[in-house]
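Residues per chain, in single letters:
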There are 2 protein chains.
Amino acid sequence: MNEFTGLSAFPLTPFKDDAVDERAFVGLVERLAEAGVDSITALGSTGSYAYLAPDERARVARLAVEHAGTTPVFVGVGALRTSQVLANVASAEEAGARGLLLAPMTYQPLTEDDVFELFHAVAERTELPVIVYDNPGTTHFTFTTDLYARIAQLPGIASIKIPGVPADPTKAREHVATIRAAVPEHVTIGVSGDASAATGLNAGCDVWYSVIGGTLPGPALAIIRAAQQSRAEDAVTESERLAPLWSLFAEFGGSLRVVAAIAEQLGLAPRRCLPLPIQGLSDAEWTRAAEVVAELGLGQ
Amino acid sequence: MNEFTGLSAFPLTPFKDDAVDERAFVGLVERLAEAGVDSITALGSTGSYAYLAPDERARVARLAVEHAGTTPVFVGVGALRTSQVLANVASAEEAGARGLLLAPMTYQPLTEDDVFELFHAVAERTELPVIVYDNPGTTHFTFTTDLYARIAQLPGIASIKIPGVPADPTKAREHVATIRAAVPEHVTIGVSGDASAATGLNAGCDVWYSVIGGTLPGPALAIIRAAQQSRAEDAVTESERLAPLWSLFAEFGGSLRVVAAIAEQLGLAPRRCLPLPIQGLSDAEWTRAAEVVAELGLGQ
């Protein structure tokens, strides 16, 4: 069984007084392992990897592996400087990660060659499988299909995490097929952008790199299992049931602040659990999120 | 004399084998002090601040102050997490900085309130004057004039570094006047985007936060002194003389890679002086830059 398939759940890294709330983080990881997600990706964007110091990242990676039981743990290693990435690779290896997630973080805009050489440097340094993390909303780097293809030829590239797919099922299928045709067969394609996950999975994506999966594994598993069992309509129906949640993501500037609020509401994270300067939802927005949680029965 | 006026020169922080080349950095700082720039801003975007670890930043700040003689040194303190910014503030204070430069770095997009509270936290923590650093090309955060106004009311805000101004002189003047009217009189307005500096200075900007000033102080001083002496046309003529340089900035993805290549060509920095993953100019581009240096007599 390829480990880079199914539901990869992205837990938050909750903060309390500017330090990682280790007990809350461990609680999230144990909850995911118990729920039966296929993998846990610690220190994804949802896990605020970009905001943590190297020693904090090493510690979080270790906690994730220690508390995930038999569930494979992937660890985000992105950083602005290549040598910092390689240091994170080393600490993820020491922690016992089964894969690495790497986004080309930018401050100065990067060229395609810059990004290729970054992945090349990581592939040369580690035996661990690598997930190529395409997240233009945070990195402001735009991958082309050609660049996917170049990077996917490197040894150890296991998967590509693509942003959301087109809403139209036919266009989504064409989009996934284009990437599929450009990369080796062993490289899985993973959808992100939770609102378009059902469409992406039905269009042929192998894995869902999921924000809500990290906090609400039940609804995420309902979608992925339906898609895996070729119950395409059930996957869509379950996703459409969550439409009020997707609306909050769109309205409140993305998934992170909303999912953090939900984790707070469910008692999984302390109030104001994101690292400053990210303040999280305003009180009025937080209340709106709580109403959606109640309406959809997400707290049960 | 307000220290946040005139030419503030932004030196590179040259790297060699993934470490700061301290000798090259000191050489750049001493060169700027001798040239008579009005201030030196270490660890700006040109100084690759975002790529350095906290201890590297403390060391660079100290070297800058130690070697700048009587020239005031401002130090960039931006980081993704507020507590990291405050740690950089402390090390800049210890180094003897006379001002701080703060850009709202982002990974997750920030709200206006997030950014206001970041500046608020810094203003509460330090007595040093702060330059608000608006650099959407690297931070992907867009300031509004209203946000300038809110932040400029905080104690200690000394200056606002705005991006390039409109090319049309009348529109540039209106743009600067709009910001001028929104902020207290003691807050200076600084243009960046070297290609539009002459226009910005002639339109009423008080200071030029200059990339080329950090490596080519002579041509930058020619422009600023003309503008300060109300020789507006001379400033424009001198800027237009440098048009081949501005063309390289536009063609090669910004000023950083080009100025790094020029510093390398002038023997001020070792070859490949930018931090990886930024590879710098290709060999062919580097040769083009060398031709422009020769054509404009920048090496003299």
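Rules and cut-offs
Residues numbered from 1 in each chain as written. Chains lettered and ligands numbered in written order. Predicted model: local features only at pLDDT ≥ 70, side-chain atom pairs only at ≥ 80, totals over all residues. Heavy atoms only, no water. Buried < 20%, exposed > 50% of the residue type's maximum accessible area, 1.4 Å probe, protein only. Helix = DSSP H or I, 4+ residues; strand = E, 2+ residues; numbered from the N terminus. Pairing = 2+ DSSP bridges. Right-handed = clockwise from strand over helix to strand, strands pointing away. Least-squares fit on C-alpha atoms with pLDDT ≥ 70 in both. Contact = heavy atoms within 4.5 Å. UniProt positions renumbered as here; feature names shortened; annotations may be inferred. Phe/Tyr/Trp six-rings, centres within 6.5 Å; stacked < 30°, edge-to-face > 60°. Lys NZ or Arg CZ within 6 Å of the ring centre and 35° of its normal. Salt bridge = Lys/Arg side-chain N within 4 Å of Asp/Glu carboxyl O. Buried area = accessible area lost by both parts, 1.4 Å probe. Polar contact = N/O pair within 3.5 Å; in protein donor to acceptor, adjacent residues only side chain to side chain. Nonpolar A, V, L, I, M, F, W, Y, C, P; charged D, E, K, R; others polar. Axes fitted to C-alpha atoms, helices over the stretch in contact; angles between N-to-C directions.

So, about the pairing of strand S6 (residues 99-102) of chain B. Residue and element names in this part refer to chain B. The alternating pattern of S6 places Gly99 and Leu101 on one face and Leu100 and Leu102 on the opposite face, and all of these are buried. Of the strand pairs in this sheet, strand S5 (residues 73-76) and S6 are connected by 3 bridges, and their pairing is parallel. Pairing of Val75 across the sheet is with Leu100, part of S6. The parallel pair S5 and S6, bridged by helix H3 (residues 82-95), forms a crossover whose chirality is right-handed. As paired elements, S6 and strand S7 (residues 130-133) share 3 bridges and run parallel to each other. Pairing of Leu101 across the sheet is with Ile131, part of S7. Each parallel crossover has a hand, and for S6 linked through helix H4 (residues 112-125) to S7 it is right-handed.

What follows covers the relation of the copies chain A and chain B. Between the two copies, chain A and chain B, the superposition gives an RMSD of 0.0 Å; the rotation angle is 180 degrees and the shift along the axis is 0.0 Å. Read as a symmetry element, the transformation amounts to a two-fold axis. In terms of proximity to the rotation axis, the leading residue of chain A is His140 of chain A, whose C-alpha is 4.1 Å off the axis. When the interface residues of chain A are mapped onto chain B, 97% of them again lie at the interface, so the same face is used by both copies.

Under the UniProt annotation, the feature "binding site: pyruvate" (unreviewed entry) is placed at Thr46 of chain A. Mapped onto the secondary structure, Thr46 of chain A falls in the loop between strand S4 (39-42) and helix H2 (54-67).

In this structure the tally under the stated criterion is 12 aromatic pairs over all chains. With a centroid separation of 5.1 Å and 75 degrees between ring planes, the pair formed by Tyr49 of chain A and Tyr107 of chain B is classed as edge-to-face. Highlighted residues: Tyr49 of chain A in the loop between S4 and H2 and Tyr107 of chain B in the loop between S6 and H4, drawn from two different chains. We classify Tyr49 of chain A as buried; its relative accessible area is 2%. Judged by relative accessible area, which is 2%, Tyr107 of chain B ranks as buried. Ring-pair connections join several aromatic residues into one group, and the members of that group are Phe141, Phe143 and Tyr148 of chain A. Here the guanidinium or amino end of Arg150 of chain A rests over the ring plane of Phe116 of chain A, the centre of that ring lying 4.2 Å away. Here Arg271 of chain B stacks its cationic end above the ring of Trp286 of chain B, 4.2 Å away from the centre of that ring.

Once that is clear, we can look at the pattern of salt bridges. Residue and element names in this part refer to chain A. Counted according to the given criterion, the structure contains 28 salt bridges over all chains. We note a salt bridge from Arg271 to Glu264, for which the minimum N-O separation is 3.1 Å. One salt-bridge network, in which partners are shared between bridges, spans Glu264, Arg271, Arg272 and Asp283.

We now examine the interface of chain A and chain B. The interface is formed by 38 residues belonging to chain A together with 37 residues belonging to chain B. With both sides pooled, the region where chain A packs onto chain B buries about 3300 Å², and carbon together with sulfur makes up 49% of that total. Summed over the three residues of chain A that lose the most area to chain B, namely Tyr51, Arg81 and Tyr107 of chain A, the buried surface amounts to 27% of that side. One salt bridge in this structure joins Asp18 of chain B and Arg81 of chain A, with 3.1 Å as the shortest N-O distance. The interface formed by chain A and chain B holds 28 residue pairs in polar contact (both at pLDDT 80 or more) in total. Broken down by secondary-structure element, the contributors of at least two residues to the side of chain A that touches chain B are helix H3 (82-95), helix H4 (112-125), helix H5 (136-139) and helix H12 (255-265) of chain A. Take the side of chain A that touches chain B: its biggest share by element is 4 residues, from H4 of chain A. Across the side of chain A that touches chain B, the residue classes break down as 19 nonpolar, 12 polar and 7 charged.

Let us now look at the UniProt feature "active site" (unreviewed entry) in chain A. In this numbering, the UniProt entry assigns the feature "active site" (unreviewed entry) to Tyr133 and Lys161 of chain A. The largest pairwise C-alpha distance within this set of annotated residues, which runs over 29 residues, is 4.9 Å, so the set is compact in three dimensions. When you line up the elements, Tyr133 of chain A lands in strand S7 (residues 130-133). Residue Tyr133 of chain A is classed as buried on the basis of its relative accessible area, which comes to 3%. Setting aside its immediate chain neighbours within four residues, Tyr133 of chain A contacts Phe10, Gly44, Ser45, Tyr49, Leu101, Leu102, Ala103, Pro104, Phe119, Phe143 and Lys161 of chain A together with Tyr107 of chain B. A polar contact of 2.6 Å, which involves the side chain of Tyr133 of chain A, links it to the side chain of Ser45 of chain A. Mapped onto the fold, Lys161 of chain A is located in strand S8 (residues 157-162). Excluding its chain neighbours within four sequence positions, the residues that come into contact with Lys161 of chain A are Phe10, Leu101, Ile131, Val132, Tyr133, Asp134, Gly190, Ser192 and Tyr209 of chain A.

Once that is clear, we can look at the sheet that holds strand S9 (residues 188-191) of chain B. With respect to topology, 8 strands assemble into a closed barrel ordered S1-S4-S5-S6-S7-S8-S9-S10 (chain B), the strand pairing being parallel. On average, adjacent strands in this sheet sit at an angle of 25 degrees to one another, irrespective of strand direction.

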